[in-house]
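# Results of the structural survey
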Amino acid sequence: MKLKLLGLAVTAMVLASCGNKDNAGAASAEEEKVLNVYNWSDYIAPDTLANFEKETGIKVTYDVFDSNEVLETKLVTGNTGYDVVVPSLTFLARQIQAGVFMPLDKSKLPNLANLDPEIQANIAKLDKDNAHSVNYLWGTTGIGYNVKKIKEIFGDDYVVDSYDLVFNPENLAKLKSCGVYFLDSPSEIVPPVLNYLGEDPNSFDEAVIAKAEARLKELRPYITQFHSSEYINALANGDACVAVGWSGDIFQAATRAEEADAGVEVNYIIPKEGTAVWFDMMAIPKDAKHPNNAHIFINYILRPEVSAEISNYVAYASANKASLAMIDKELLDNPGVYPTADAKKGLFSLAVLPPEVDRLFNRIWTSLKTGQ
Ligand code: N2P
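Presented here is a report on the structure given in the accompanying data block.

### A few points about the overall build of the protein chain
Helix and strand counts for the protein chain stand at 18 helices and nine strands. Taking the principal axes of its C-alpha atoms as reference, the protein chain extends roughly 75 × 45 × 35 Å. For the protein chain, the proportion of its 372 residues judged to be buried stands at 53%. Counting every atom, the protein chain has about 17000 Å² of accessible surface; 53% of that belongs to carbon and sulfur. Averaged over its 33 positive side-chain charges, the protein chain has a centre that lies 5 Å from the centre of its 50 negative ones.

In structure tokens, the structure reads:
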């Protein structure tokens with residue numbers, strides 16, 4: 001017991017001296033020059049990490065995931081070995097409550113000043129004082145489709161502007177043979193289905209959620225694949241003619257299709273009924289081994305030119321106001337990336353799910369996928 005107390009006292013002293021400016025250099029020198037980052041797949045520019053390593057001498061190990069559920073399972077177990085992770089804001093909110101993250105040391109993040117104050121204020125509703133997280137990019141969930149295939153099946157005059165294309169079983173049945181992808185995540189699909197059915201997308205009422213489940217069961221025979229990243233290539237090479245997926249991923253599919261020059265044209269729309277908007281947040285797990293390097297990395301990403309380069313490459317929207325002048329005009333003018341004021345009215349954030357609703361979502365998903 002005594003030893004333990006002594007240990008605590010020593011730790012407290014070391015921590016106190018780390019907070020002292022004169023010792024900041026020494027403290028970081030003690031940290032090994034490595035950084036472990038866990039980010040979404042297809043979510044960074046090709047040379048971002050190499051440039052960071054060259055400038056800082058910090059070697060980055062970069063792993064990827066494609067759903068909040070996968071990331072959360074790891075975070076809750078702890079000991080992830082990661083120094084920076086990127087959950088969506090509504091997931092981050094309940095992870096903060098679970099004590100998963102350390103508060104950021106804002107004195108190490110001068111580039112926070114580059115962020116859009118309006119978006120920061122919105123984020124602060126779930127991460128008080130923006131204490132634990134920094135926006136990486138944001139986007140929407142919507143419909144990606146093969147322009148020619150949809151015309152072939154529904155006629156030249158058919159306009160894709162509604163979730164009716166994918167959430168109405170009669171329509172989806174016609175698409176099965178050309179490939180239908182849905183995101184493999186209940187939290188991404190159940191709320192838009194509820195919203196399409198005229199219900200509150202964020203209802204916690206079991207009877208209301210059951211309506212989404214019933215509709216998904218009707219749609220199930222026509223969904224050829226549940227996956228949250230493979231739809232990019234599937235759309236680009238013509239293996240899928242429709243996907244419920246994320247804005248930037250679908251624009252990346254459009255770019256890949258164009259580069260392949262094999263006659264595939266891909267487009268993305270925000271359905272007129274409204275859909276989910278989400279914010280992906282960089283945060284540092286409490287047990288991170290390289291928190292100082294993590295701050296250096298987050299501050300690097302916050303540079304206007306670095307942020308713009310990533311945003312231009314992955315086609316997601318940036319909350320970095322100072323970077324907007326460097327974002328390609330084509331992207332800024334694309335209503336699928338930066339929604340119009342009108343489209344914004346229909347966007348909803350996802351709710352922070354209480355554990356029982358979270359369990360219900362997962363049960364629905366398992367039963368949907370296994371057919372039991
Ligand atoms: C990138 C996925 C975008 C993040 N492939 C979805 N929150």
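### Things to note about the nonpolar core
Ranked by internal contacts, the top residues of the largest apolar core, which has 118 residues, are Val166, Leu175 and Phe182. Both of domain 1 (34-138 + 278-338) and domain 2 (139-277 + 343-370) provide at least three residues apiece to this core.

### Observations regarding the packing of aromatic side chains
As enumerated under the stated definition, the model contains 19 aromatic pairs in all. Where Trp246 meets Trp278, the ring centres are 6.3 Å apart and the plane angle is 80°; that geometry is what we call edge-to-face. Residue Trp246 is located in strand β7 (residues 242-246), and its partner Trp278 is located in strand β9 (residues 277-282); the two are separated by 32 residues in the primary sequence. Under the relative-accessibility criterion, Trp246 is labelled buried at 5%. Residue classification places Trp278 among the buried positions, given a relative accessible area of 8%. An aromatic cluster is built from Tyr38, Trp40, Tyr43, Phe65, Tyr82, Tyr136, Trp246, Trp278 and Tyr316, whose rings are joined through pairwise contacts.

Rules used in this analysis
Residues numbered from 1 in each chain as written. Predicted model: local features only at pLDDT ≥ 70, side-chain atom pairs only at ≥ 80, totals over all residues. Heavy atoms only, no water. Helix = DSSP H or I, 4+ residues; strand = E, 2+ residues; numbered from the N terminus. Buried < 20%, exposed > 50% of the residue type's maximum accessible area, 1.4 Å probe, protein only. Areas by Shrake-Rupley, 256 points an atom, 1.4 Å probe, with all protein chains shown as cover. Lys, Arg positive; Asp, Glu negative; His and termini not counted. Charge placed at Lys NZ, Arg CZ, Asp CG, Glu CD. Core = buried A, V, L, I, M, F, W, Y, C linked by side-chain atoms within 4.5 Å. Domains from an automatic or database assignment. Phe/Tyr/Trp six-rings, centres within 6.5 Å; stacked < 30°, edge-to-face > 60°.

Geometry only, nothing functional implied.
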